Amino acid sequence: MTDERTPKVVEPTLFELSSPGRVGVTFPEPDVPRAKLPESLLRAELPLPELSEVDVIRHYMRLSRFNYSVDGGFYPLGSCTMKYNPKINEDMARLPGFAFTHPLQPIETVQGNLALMYTLQQWLKEISGFAAVTLQPAAGAHGELTGVLMMRAYHHARGDTKRTKMLIPDSAHGTNPASSGMIGLQIVQIPSDRRGNVDLAALKAACDETVVGLMLTNPNTLGLFDEHIEEVIQIVHDCGGLVYGDGANLNALLGIVRPGDLGFDVMHFNLHKTFSTPHGGGGPGSGPVGAAAHLADFLPSPIVGIVEEGDDETPPLYGFIEPKQSIGRVKAFHGHFGMMVRAFTYIAMHGADGLRAVAENAVLNANYLLARLRHAYHIPYDRICMHEFVAEGKVEGSDVRALDISKRLMDYGFHPPTNYFPLIVHEALMIEPTETESKQTLDAFADALIRIAEEAKTQPELLKSAPHKTPFGRMDEVKAARDLVLCCWLPEEKGS
Amino acid sequence: MNIPSNLMYTKSDEWFDPATGKVGLTDYAQAQLSDIVFVEITVSAGDVVEVGKPIASVESVKAAAESYAPVSGKVIAVNEDLLNAPETLNRDPYGAGWLIQIEGADPSGLMDAAAYEKYCEERTH
Amino acid sequence: MTYIPITPTEREAMLTAIGVSKIEDLFQDVPASYRFPKLNLPAALTEMEVAAELGELAASNETVRELVSFLGAGAYNHYIPAAVDHILRRGEFYTAYTPYQPEISQGTLQAIFEYQSLICALTGMEVANASHYDGATSVAESVNMAYAVFRGKRTKVVISPAVHPQYRATLRTYVQGMGLTLAGDTPETVTSDEVTAAHIEPLIDENTALVIVQYPDFFGRIYDYTALIEAAHAKGVLVCVAANPIALGLLKTPGEMGADIVVGEGQPLGIPLSFGGPYLGFFATRKQYVHKMAGRLVGETVDNRGQRAYVLTLTAREQHIKRERATSNICTNQGLMALASAVYLSLLGKTGLRQVAELCYHKAHYAAEQIIKIPGFAYCFDTPFFHEFAICCPRPVAEINAYLLEHGILGGYDLGRDYPALKDHLLIAVTEMNTKAEIDALVELLAEVRRD
């Protein structure tokens, strides 16, 4: 049956574990008379696996052990802010009073939820310096789409319909051009200067009456705060454009500076980066959007507001309000409420001083790692960084690549940094330690990277064939893309 | 790197064969992209293409690229075989890996093999 | 500082290593006039205090546990087996990032691969992605995909007015700037007469990229869309069916009907109501469109030790590589919610899901039959339905719901909010969670409200 070319199955799939007749959960018999089923509309068969609860639990327990996680170790993935996810957040989001409320309940029955959302909106406004906030967008990229639609709507509302271009620095996340592309805008790439700032001359040259605005990540993906941030914003404003802030790196700015004060017009937050809601193996995130006063009327609807003022005796009545020139809804219901509860918990436990300490320590940790690694790896834009920095994954006298260094880090028990991003650095290793890591952890990580730089010279094969100590080795990605097996089961394979 | 001398080249790494009117991706381009897993030719036979306009979209395991018409003219054939065998672009970029065929085009303004080779060398440094 | 482990002594040592004397020196690039704003936030609470405060906020809500709920309209109160949350609470799953490093992410990768497979099995389709934000955005993404399939050459999308009003609203937002026209988005045409297929088929033409219908539709009605899909295909048009996944435990699949895209809200599959999110947008299509589909995709492969393994594949389609030419900007998805639905489906399996679907069906039909016996209450439509149905009421729905709420019942959805001709129409959802006694109580209260 099997030969040496048949891959070894480490964990069978749910479908392979299935045994006909087994059930994992049973439900009561109907307590009402059975109605006649619509025979012509019934499905012939339901090819789902048949498993016991024990089968299911053990399967997922075994799978879980194949995962690296923040709970399991240091996860310095640049641009992702893999900070510790406090356990209390999880408990709060699961409080029955929150978890068992329906999104369409009458507002009188969900004042607790609405008060929490209203307060979170207020806090995010205070932290960012914006006039208004929506909590509806589901993720960072979703917030971007919201923001660029608002920018477009703002220009259109002023009768200014000639603007078709979005300026985007070459260090930007791919979501920035993709979000602008989704609404049909033309992308104009703005280069970075030698110190990693937006190139002012190029920016000036690109700014004219056809520009919708600039999408700017600050600190940028090199981990650098733009040294001319006020001038950058001024140049865009001078041509009638707006400035979008990609809030991916807000962790560096909490209590340090408010983007709204700097002149950003609209910005998204990533509750799953800055405010400690977990990444969930890819999601869910949450991407609230803040807007300056002149853009507030364009926010997606609805947002939470006070619909009846309270007084000394009665609390205000919270409800939903529709911004006057709203771009509309960006999803069903009110956003990722469960993530809002977690972020609320986090902010409540920090207060103003605590949030500033978060940013300070995130920046301290990044600069400390940078100081420890500067001699082992080339740092292309070497100045005081914010919460992350980018090293080149190359070693003098060796042909190993950033990928090899990353894979070797796994053998030392660490998650690798982000590879090959930003695109403007060759062999980029983008390192973001976050504030929740101890000096011991940072030192152990730096020691490992320094040792790997040595290994690169003395035993390059060790890196090129890494990882060795993980349950799985390097993958055949070409086979995955060419053979395209995307399902354990395909409808036409039925019975074969 | 293979740069046949009978072909003409663009800065966006397409080749054009003045003898047959065929257009394709260069060896340099396929090597940069590495393992190509998807090709979509976005023009059809009968279309009139303008120089510099997109004609095909290519995706590899790690990268994506757009191909542009090296010359203006009328498309007389597209290589349908590529759609089910995109790896042909890696294996035989100047032969079976051709993308489209254009009729009556003017190749002036394209680079010859020597100029293209120099252009490629500049980029690898 | 609860989650910051650096001690003052360590900080001094680290600052020295960096070569600065104080923390503030690290922020010289920030314009001085805006540096270190005083944030007006409440004083920090300890974990004990925050738990008490949030406990109080949560307790001030009324929930579908204390109330008896007949409210659905896109979010449904189903039983979630205990094992689901135990798996979700594994830190190995919920504190991991997107599985970009497959050697140390096989848990997430295999779980998503299995999720894709389960969604294909449920919908009768060939490929599914690793998820979108919710039902509404998965509908919007079907338009992005169809737009990409036709390379922008077809500029019309036909959507049934019987698709969830918030999904249609979301789609209207998404298409701003795409240069697409929406046809069929006309809730005013929905009356108590028949609509849907007959209504939207004439709107389909050769410039149409996509037709979107819902199954069961917003009013709970079930139609066989086979003929509509054939008519659309005759004009080269793609068809997207937004389906309720519990209904698919019982009903003919959109795949069998010939659908090109099947999307939907995955919340009923083991995800708590949680006031509207996070939920799960599922998205499945035919293999031929896989390169135009947005979102992450996990494929099977082998590692260099000969072990079967999984990786994110066809990633060059996505925004981080294709940037503005990507089908969508999606990056973060609903990974953990997809895991929840996979655990739910594997626990229920073939037998359990059918059982839940049948319970919903029988209970909803019992409720409907009792309600229409009350003078003044009548079916709005004659079409077969699944677990939700529209009832024409003798009084405004707001008054009826207020009366029900006084008696501990969360009434249905007021259809007059979105459909002008359906003023005084109530959309009632019944699931396996509703007992006969609860349904009888609802019927009794409706009879009373009639007499009031």
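### Points about the overall build of chain B
- Counting secondary structure elements, chain B contains four helices and nine strands.
- Scanning chain B from its N terminus toward the C terminus, one meets helices and strands in the order β-β-β-α-β-β-β-β-β-α-α-β-α.
- Among the 125 residues that make up chain B, the fraction classed as buried is 53%.
- Taking the intrachain contacts of chain B between residues at least 6 apart in sequence as the baseline, contacts between residues at least 24 apart amount to 61%.

### Regarding the overall build of chain A
- On a plain count of helices and strands, chain A comes out with 15 helices and 12 strands.
- A globule of 496 residues ought to have a C-alpha radius of gyration of about 23 Å, and chain A, at 26 Å, matches this closely.
- A principal-axis box enclosing the C-alpha atoms of chain A has dimensions of 75 × 70 × 45 Å.
- Counting all 496 residues of chain A, 67% fall into the buried class.
- When the accessible area of chain A is evaluated, it comes to approximately 16500 Å², of which 49% is carbon and sulfur surface.
- One way to put it: in chain A the 44 positive side-chain charges average out to a point 4 Å from where the 61 negative ones average out.

### What about the sheet that holds strand 3 (residues 156-159) of chain C?
Residues and elements named next belong to chain C.
- Sheet architecture is open: seven strands sit in the order 2-8-7-6-5-3-4, paired in mixed fashion. If you trace the sheet from one side to the other, it starts and ends with strand 2 (127-128) and strand 4 (181-183), each paired once.
- The sheet contact formed by strand 3 and strand 4 spans three bridges and is parallel. From the neighbouring strand, Lys156 faces strand 4, where its bridge partner is Thr181.
- This element, helix 5 (residues 106-123), spans strand 2, strand 7 (261-265) and strand 8 (281-285) of the sheet and lies at about 70° to strand 8.

### Comments concerning the environment of Thr315(C)
- Examined against the element boundaries, Thr315(C) turns out to sit in the loop between strand 10 (308-312) and helix 11 (319-322).
- Residue Thr315(C) is classed as buried on the basis of its relative accessible area, which comes to 13%.
- The spacing of Thr315(C) and Val298(C) is 17 residues in sequence and 9.5 Å in space, taken between C-alpha atoms.
- When near neighbours in sequence (up to four residues on either side) are disregarded, Thr315(C) contacts Val61(B), His320(C) and Ile321(C).

### Here we look at the interface of chain A and chain C
- The interface is formed by 206 residues belonging to chain A together with 189 residues belonging to chain C.
- Counting each side, the surface lost to burial between chain A and chain C is near 17200 Å², with a carbon and sulfur contribution of 65%.
- Area buried by chain A at its contact with chain C is led by Phe27(A), Arg43(A) and Leu486(A), which between them contribute 5% of it.
- When the shortest N-O distance is used, the salt bridge between Arg89(C) and Asp91(A) registers 3.0 Å.
- Run the count over chain A and chain C and you get 86 residue pairs in polar contact (both at pLDDT 80 or more).
- The biggest single contributor to the side of chain A that touches chain C is helix 11 (residues 337-373) of chain A, with 27 residues.
- The residue makeup of the side of chain A that touches chain C, split by class, is 117 nonpolar, 53 polar and 36 charged.

### Some thoughts on the state of the cysteines
- This structure, assessed with the given rule, holds zero disulfides over all chains.
- Just so you know, Cys380(C) is unpaired, no disulfide at all, and the nearest cysteine sulfur is the one on Cys392(C), 6.8 Å from it.

### Observations regarding the nonpolar core
- By size, the foremost hydrophobic cluster in this structure holds 177 residues, and its most contacted members are Tyr60(A), Leu210(C) and Ile212(C).
- In terms of residue count, helix 12 (residues 335-371) of chain C provides more of this core than any other element does, 17 residues in total.
- Both domains that furnish three or more residues to this core are identified here as domain 1 (68-79 + 349-451) and domain 2 (82-344) of chain C.
- Once you skip the residues sitting within four places of it in the chain, Leu210(C) turns out to touch Ser142(C), Val143(C), Ala146(C), Lys156(C), Val157(C), Val158(C), Val237(C), Leu238(C), Val239(C), Cys240(C) and Ile261(C).
- Among the nonpolar cores identified, the runner-up in size contains 132 residues, and Ala206(A), Met267(A), Ala348(A) and Tyr3(C) belong to it.

### A word on the pairing of strand 4 (residues 211-217) of chain A
Residues and elements named next belong to chain A.
- Burial runs high along strand 4: seven of the seven residues are buried.
- By the bridge criterion, three bridges tie strand 2 (residues 165-169) to strand 4 in an arrangement that is parallel. By the bridge assignment, Met166 is partnered in strand 4 with Gly213.
- Of the pairings in the sheet, the one linking strand 4 to strand 5 (residues 242-246) comprises five bridges and is parallel in character.

### Overview of helix 14 (residues 436-451) of chain C
Residues and elements named next belong to chain C.
- Along its 16 residues, helix 14 runs 23 Å from first to last C-alpha, staying within 8% of the 22 Å computed at 1.5 Å per residue.
- Looking at helix 14, one finds that the buried residues are Ile439, Leu442, Val443, Leu445, Leu446, Ala447 and Val449.
- Packed against the buried residues of helix 14 are helix 12, helix 13 (397-406) and strand 13 (409-410).

### What about the pairing of strand 10 of chain C?
Residues and elements named next belong to chain C.
- Burial within strand 10 is extensive, with five of its five residues counted as buried.
- By the alternation rule, side chains of strand 10 split into Arg308, Tyr310 and Leu312 and Ala309 and Val311, which are all buried.
- Note: strand 9 (residues 298-302) against strand 10, five bridges, orientation antiparallel. Each residue of the ladder has a partner; that of Glu300, found in strand 10, is Tyr310.
- Hairpin geometry of strand 9 and strand 10 is characterised by an intervening segment of five residues between the two adjacent antiparallel strands and by a positive phi of about 80° at Gly306.

### Comments concerning empty space enclosed by the protein
Residue and element names in this part refer to chain C.
- Counted according to the given criterion, the structure contains 13 cavities of 30 Å³ or more.
- Considered as a void within the structure, the largest cavity measures approximately 190 Å³ in volume.
- The wall of the largest cavity is formed by 19 residues, among which Gly74, Tyr76, Gln214, Pro216 and Asn244 lie closest to the centre.
- Those elements that provide at least two residues to the lining of the largest cavity are strand 6 (238-243) and strand 7.
- Quantified by volume, the second largest cavity comes out at close to 90 Å³.
- Going through the elements one at a time, helix 5 and helix 12 are the ones with two or more residues in the lining of the second largest cavity.
- Its residues assigned to classes, the lining of the second largest cavity comprises seven nonpolar, four polar and no charged.

### What to know about the sheet that holds strand 12 (residues 388-392) of chain C
All names here are of chain C.
- Within the open sheet, the four strands sit side by side as 11-12-15-14. Their pairing is antiparallel. Among the strands making up the open sheet, the edge pair consists of strand 11 (378-379) and strand 14 (413-414).
- Pairing geometry for strand 14 and strand 15 (residues 425-429), over two bridges, is antiparallel. Bridging from a neighbouring strand, Asp414 pairs with Leu426 of strand 15.
- In the packing of helix 12 onto the sheet, the strands contacted are strand 11, strand 12 and strand 15, and the crossing angle to strand 12 comes to about 10°.

### So, the layout of surface pockets
- By volume, the second largest pocket is sized at about 970 Å³.
- What lines the second largest pocket is a set of 32 residues, among which Glu66(B), Tyr147(C), Arg151(C), Glu324(C) and Arg325(C) lie closest to the centre.
- The set of elements that each furnish at least two residues to the lining of the second largest pocket consists of helix 7 (175-182) and strand 3 (186-190) of chain A, strand 6 (54-60) and strand 7 (64-68) of chain B together with helix 6 (135-149) of chain C.
- Along the lines of polarity and charge, the residues of the lining of the second largest pocket split into 12 nonpolar, 10 polar and 10 charged.

### Let's talk about the interface of chain B and chain C
- Taken together, the contact pairs 14 residues of chain B with 11 residues of chain C.
- Taking both partners together, chain B and chain C bury about 990 Å²; carbon and sulfur atoms supply 45% of that area.
- Seen at the junction of chain B and chain C, the total is four salt bridges.
- Note that Arg151(C) is salt-bridged to Glu40(B), the shortest N-O span being 3.2 Å.
- The tally of links from chain B across to chain C stands at seven residue pairs in polar contact (both at pLDDT 80 or more).
- Among the elements that line the side of chain B that touches chain C, the one with the most residues is strand 4 (residues 36-41) of chain B, at four residues.
- Looking at the side of chain B that touches chain C residue by residue, the class counts come to seven nonpolar, three polar and four charged.

Criteria and cut-off values
- Residues numbered from 1 in each chain as written.
- Chains lettered and ligands numbered in written order.
- Predicted model: local features only at pLDDT ≥ 70, side-chain atom pairs only at ≥ 80, totals over all residues.
- Heavy atoms only, no water.
- Helix = DSSP H or I, 4+ residues; strand = E, 2+ residues; numbered from the N terminus.
- Buried < 20%, exposed > 50% of the residue type's maximum accessible area, 1.4 Å probe, protein only.
- Contact = heavy atoms within 4.5 Å.
- Rg over C-alpha atoms; globule rule 2.2 N^0.38 Å.
- Areas by Shrake-Rupley, 256 points an atom, 1.4 Å probe, with all protein chains shown as cover.
- Lys, Arg positive; Asp, Glu negative; His and termini not counted.
- Charge placed at Lys NZ, Arg CZ, Asp CG, Glu CD.
- Pairing = 2+ DSSP bridges.
- Axes fitted to C-alpha atoms, helices over the stretch in contact; angles between N-to-C directions.
- Buried area = accessible area lost by both parts, 1.4 Å probe.
- Salt bridge = Lys/Arg side-chain N within 4 Å of Asp/Glu carboxyl O.
- Polar contact = N/O pair within 3.5 Å; in protein donor to acceptor, adjacent residues only side chain to side chain.
- Nonpolar A, V, L, I, M, F, W, Y, C, P; charged D, E, K, R; others polar.
- Disulfide = S-S within 2.5 Å.
- Core = buried A, V, L, I, M, F, W, Y, C linked by side-chain atoms within 4.5 Å.
- Domains from an automatic or database assignment.
- Expected span 1.5 Å × (residues − 1).
- 1 Å grid on protein atoms, 1.4 Å probe; cavity = no way out; pocket = protein on both sides within 12 Å on 5 of 7 lines; lining within 4 Å.
- Points joined across faces, edges and corners; volume = space filled by probe spheres on them.

Taken by themselves, the reported measurements are silent on function.
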